[in-house]
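Understanding the architecture of this molecule
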Amino acid sequence: MQIEIAVFGKNKEIIDTLERIINNNEEWKAFPAIQQEDLKVILQNNPIKILLYSSGIGTSEVEETEKWVDDNYTNVIQIHHFGGGSGLLKCEINSALEGIKPINKPLHNAIN
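The sections below set out a description of the structure shown in this document. (Residues numbered from 1 in each chain as written. Predicted model: local features only at pLDDT ≥ 70, side-chain atom pairs only at ≥ 80, totals over all residues. Heavy atoms only, no water.)

Let us look at the packing of aromatic side chains. Each aromatic ring pair is characterised by the separation of its centres together with the angle its planes make. Applying the stated rule across the entire model yields 2 aromatic pairs. For the ring pair W68 and Y73, a centre distance of 5.3 Å and an interplane angle of 55° mean the geometry is tilted. Exposure class is identical for W68 and Y73. Each is buried. In this structure, K40 packs its charged tip against the face of W68, placed 5.0 Å from the ring centre. (Phe/Tyr/Trp six-rings, centres within 6.5 Å; stacked < 30°, edge-to-face > 60°. Buried < 20%, exposed > 50% of the residue type's maximum accessible area, 1.4 Å probe, protein only. Lys NZ or Arg CZ within 6 Å of the ring centre and 35° of its normal.)

Before going further, it helps to examine the environment of S55. Inspection of the secondary structure puts S55 in the loop between β3 (48–53) and α3 (59–72). Look at S55 and you get partly exposed, because its relative accessible area is 21%. For the pair S55 and K12, spaced 43 residues apart in sequence, the C-alpha separation works out to 9.9 Å. Residues in contact with S55, not counting those within four places in the same chain, are G9, K10, N11, I14, H81 and F82. (Helix = DSSP H or I, 4+ residues; strand = E, 2+ residues; numbered from the N terminus. Contact = heavy atoms within 4.5 Å.)

So, on to the pattern of salt bridges. Under the defined criterion, the tally for this structure stands at 3 salt bridges. We note a salt bridge from D16 to K12, for which the minimum N-O separation is 3.0 Å. Note that D16 and K12 are positioned in helix α1 (residues 12–23) at a spacing of 4 residues, about one turn of the helix. The class of D16 is partly exposed, set by a relative accessible area of 33%. (Salt bridge = Lys/Arg side-chain N within 4 Å of Asp/Glu carboxyl O.)

A turn of α-helix holds 3.6 residues, and therefore any two residues three or four places apart point the same way. Of the residues making up helix α2 (residues 36–45), those classed as buried are Q36, L39, I42 and L43. The buried residues of α2 occupy an angular sector of 115° when the element is viewed end-on, so they sit on one face. Turned more than 90 degrees away from the buried face of α2, the exposed residues are E37 and N45. Packed against the buried residues of α2 are β1 (3–8), β2 (28–33), β3 and α3. (Arc of directions from axis to C-beta.)

As a further point, take the pairing of β1. Consecutive side chains of a regular strand alternate in pointing toward one face of the sheet and then the other. Counting buried residues along β1, 5 of its 6 residues qualify, which places the element largely inside the surrounding structure. With α1 bridging β1 and the parallel β2, this β-α-β connection has right-handed handedness. (Right-handed = clockwise from strand over helix to strand, strands pointing away.)

So far we have only geometry, and geometry alone does not tell us how the molecule works.
Written out as C-alpha coordinates, the structure reads:
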(Lines give C-alpha, C1' and ligand atoms only; values in the text may rest on other atoms or scores of the structure.)
Protein backbone atom coordinates (compact mmCIF):
# COMPACT_ATOMS: atom_id res chain seq x y z
CA MET A 1 0.00 0.00 0.00
CA GLN A 2 1.34 3.42 -0.96
CA ILE A 3 1.77 6.26 1.52
CA GLU A 4 -0.46 9.09 0.40
CA ILE A 5 1.02 12.59 0.56
CA ALA A 6 -0.94 15.79 -0.05
CA VAL A 7 1.14 18.63 -1.51
CA PHE A 8 -0.20 22.15 -0.96
CA GLY A 9 1.30 25.29 -2.48
CA LYS A 10 0.52 28.15 -4.84
CA ASN A 11 3.26 27.72 -7.46
CA LYS A 12 1.99 25.17 -9.98
CA GLU A 13 5.43 24.45 -11.45
CA ILE A 14 6.86 23.68 -8.01
CA ILE A 15 3.83 21.56 -7.09
CA ASP A 16 4.23 19.64 -10.36
CA THR A 17 7.91 19.03 -9.56
CA LEU A 18 7.14 17.86 -6.01
CA GLU A 19 4.41 15.57 -7.36
CA ARG A 20 6.87 14.03 -9.84
CA ILE A 21 9.57 13.51 -7.18
CA ILE A 22 7.11 11.93 -4.75
CA ASN A 23 5.55 9.70 -7.40
CA ASN A 24 9.01 8.50 -8.48
CA ASN A 25 9.09 6.56 -5.21
CA GLU A 26 6.89 3.51 -5.75
CA GLU A 27 5.92 3.54 -2.05
CA TRP A 28 4.49 7.09 -2.21
CA LYS A 29 1.59 8.76 -4.03
CA ALA A 30 1.20 12.54 -4.34
CA PHE A 31 -2.06 14.45 -4.29
CA PRO A 32 -1.38 18.04 -5.43
CA ALA A 33 -3.53 21.02 -4.40
CA ILE A 34 -3.16 24.68 -5.22
CA GLN A 35 -6.43 25.81 -3.62
CA GLN A 36 -7.30 25.22 0.03
CA GLU A 37 -10.71 23.90 -0.99
CA ASP A 38 -9.07 21.25 -3.18
CA LEU A 39 -6.79 20.26 -0.30
CA LYS A 40 -9.80 19.78 1.97
CA VAL A 41 -11.46 17.51 -0.60
CA ILE A 42 -8.25 15.47 -0.91
CA LEU A 43 -8.02 15.06 2.88
CA GLN A 44 -11.69 14.13 3.15
CA ASN A 45 -11.51 11.47 0.43
CA ASN A 46 -8.07 9.88 0.84
CA PRO A 47 -6.10 8.32 3.72
CA ILE A 48 -3.44 11.05 3.63
CA LYS A 49 -0.48 10.39 5.92
CA ILE A 50 1.54 13.55 5.24
CA LEU A 51 0.59 17.09 4.27
CA LEU A 52 3.52 18.84 2.62
CA TYR A 53 3.32 22.65 2.53
CA SER A 54 5.18 24.30 -0.32
CA SER A 55 5.79 27.92 -1.27
CA GLY A 56 3.48 30.82 -1.98
CA ILE A 57 0.84 30.24 0.68
CA GLY A 58 -0.03 33.29 2.76
CA THR A 59 0.70 33.16 6.47
CA SER A 60 -2.95 33.38 7.50
CA GLU A 61 -3.91 30.60 5.06
CA VAL A 62 -1.14 28.35 6.39
CA GLU A 63 -2.23 28.96 9.99
CA GLU A 64 -5.89 28.36 9.13
CA THR A 65 -5.02 25.16 7.27
CA GLU A 66 -2.76 23.89 10.06
CA LYS A 67 -5.52 24.43 12.62
CA TRP A 68 -8.16 22.77 10.44
CA VAL A 69 -5.90 19.76 9.88
CA ASP A 70 -4.99 19.59 13.59
CA ASP A 71 -8.69 19.70 14.53
CA ASN A 72 -9.94 17.23 11.92
CA TYR A 73 -7.04 14.97 10.93
CA THR A 74 -4.85 14.47 13.98
CA ASN A 75 -3.04 11.56 12.32
CA VAL A 76 -1.78 13.70 9.41
CA ILE A 77 1.86 14.77 9.70
CA GLN A 78 2.37 18.34 8.53
CA ILE A 79 5.72 19.27 6.96
CA HIS A 80 6.82 22.66 5.65
CA HIS A 81 9.09 22.23 2.63
CA PHE A 82 10.34 25.27 0.78
CA GLY A 83 13.15 23.87 -1.29
CA GLY A 84 16.52 22.28 -0.90
CA GLY A 85 16.33 19.58 -3.52
CA SER A 86 14.90 16.12 -3.85
CA GLY A 87 17.33 14.62 -1.33
CA LEU A 88 16.13 16.95 1.41
CA LEU A 89 12.50 16.30 0.48
CA LYS A 90 12.99 12.54 0.71
CA CYS A 91 14.80 12.93 4.03
CA GLU A 92 11.99 15.09 5.44
CA ILE A 93 9.33 12.58 4.38
CA ASN A 94 11.27 9.56 5.64
CA SER A 95 12.02 11.27 8.96
CA ALA A 96 8.35 12.11 9.43
CA LEU A 97 7.36 8.52 8.67
CA GLU A 98 9.91 7.29 11.23
CA GLY A 99 8.30 9.50 13.86
CA ILE A 100 10.92 12.21 13.90
CA LYS A 101 9.04 15.48 14.34
CA PRO A 102 9.98 17.97 11.63
CA ILE A 103 11.41 21.25 12.93
CA ASN A 104 11.54 23.00 9.59
CA LYS A 105 8.60 25.40 10.00
CA PRO A 106 9.85 28.88 9.17
CA LEU A 107 8.95 31.89 11.28
CA HIS A 108 7.81 33.71 8.15
CA ASN A 109 6.67 31.39 5.46
CA ALA A 110 5.59 33.53 2.57
CA ILE A 111 3.06 36.08 1.56
CA ASN A 112 1.14 37.89 4.29
